[in-house]
Amino acid sequence: MDSEELELFRREEPDPIEELSRQMERGSQLTQASLQNAFKSLGALQTVVGEIAGALAANGVIEAEQVPSVIEAYAAARPVQETKEAAAPPMVPEADDTGDQPLAFRWPGVVLRRENSTSPGEPVDCAARMHVCHAVCCALKFPLSPSEVEAGKVKWDIGHPYMIRGTSRGYCCHNDAETGGCRVYADRPAVCRDYSCVGDNRIWKDFDGMVLNTEWIAEHIDHKSDLHLSIHDEG
């Protein structure tokens with residue numbers, strides 16, 4: 001690898017104070033974004049109520065003076081079509097056609113993984129590949145299950161409950177920057193237990209030849225920002 005490719009996998013042990021500050025900032029961002037969505041939904045609701053009240057008054061169901069002037073003015077200033085545009089997006093991601101977990105996790109919102117049984121993937125000798133892959137699979141994101149959250153062994157992102165928490169470099173906060181190993185290996189989430197990079201063409205161009213897909217990684221994984229790529233996403 002050249003220096004540019006190596007930069008993709010540069011890992012540093014995060015400073016605990018900086019990471020705490022980052023989580024607090026992300027929690028504040030979640031609060032602000034959620035409030036913004038709530039205000040948009042409230043505005044849309046006011047528009048709908050105003051339109052309904054106006055229609056009732058126009059059809060003689062209620063007296064015009066019964067319609068609060070503030071609602072009339074609000075409805076007149078905001079056409080009905082804006083209601084759809086102003087409506088807040090769903091807080092819970094939609095599942096795919098098979099009923100499995102969604103491949104995209106909308107933010108702001110709260111998402112939990114279903115407690116379903118899965119089969120472990122083909123075993124991989126991670127130690128023999130670590131010098132090539134640099135544990136890049138630990139930069140893929142996924143939501144925790146209710147039991148994993150309640151167990152309290154794995155940290156979740158305060159800015160996007162209950163997604164696995166990442167550091168400012170994008171890796172899972174439980175990833176050891178020096179060894180590439182997992183600090184909570186015995187208590188790791190089921191997603192991590194079952195995941196196998198065999199056949200994952202996002203990680204490998206050639207699994208047997210240990211040729212890394214650095215182009216895909218460079219395009220889709222930014223270790224200097226937050227990642228929202230699902231460990232299940234094959235796109």
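Scroll up for the structure.
Here the structure is a predicted model, which is why all the values come from computation and not from measurement.

## So, helix α2 (residues 16-58)
Helix length check: α2, at 43 residues, gives a terminal C-alpha distance of 63 Å against a target of 63 Å (1.5 Å per residue), a fit within 8%. Its side-chain oxygen placed 3.1 Å from the backbone nitrogen of Ile 17, Asp 15 serves as the N-cap of α2. Looking at the residues trailing α2, positive phi occurs at Gly 60, about 75 degrees.

## A few points about a nonpolar patch on the surface
A cluster of nonpolar side chains, namely Leu 35, Phe 39, Leu 42, Leu 45 and Val 49, defines an oily patch on the protein surface of about 470 Å² accessible area. By the element assignment, Leu 35 lies in helix α2.

## Considering the side chain of Ser 196
Topologically, Ser 196 is positioned in the loop between α7 (190-194) and β1 (204-206). Here the side chain of Ser 196 touches Glu 122 through a polar contact of 2.6 Å, landing on its backbone oxygen. There is a polar contact of 3.3 Å between the side chain of Ser 196 and the backbone nitrogen of Val 198. If we ignore the near neighbours within four places in the chain, the residues touching Ser 196 are Gly 121, Glu 122 and Val 124.

Parameters and conventions
- Residues numbered from 1 in each chain as written.
- Predicted model: local features only at pLDDT ≥ 70, side-chain atom pairs only at ≥ 80, totals over all residues.
- Heavy atoms only, no water.
- Helix = DSSP H or I, 4+ residues; strand = E, 2+ residues; numbered from the N terminus.
- Expected span 1.5 Å × (residues − 1).
- Polar contact = N/O pair within 3.5 Å; in protein donor to acceptor, adjacent residues only side chain to side chain.
- Patch = residues over 30% accessible without salt bridge, like charges linked within 9 Å, V, L, I, M, F, W, Y side chains within 5 Å.
- Areas by Shrake-Rupley, 256 points an atom, 1.4 Å probe, with all protein chains shown as cover.
- Salt bridge = Lys/Arg side-chain N within 4 Å of Asp/Glu carboxyl O.
- Contact = heavy atoms within 4.5 Å.

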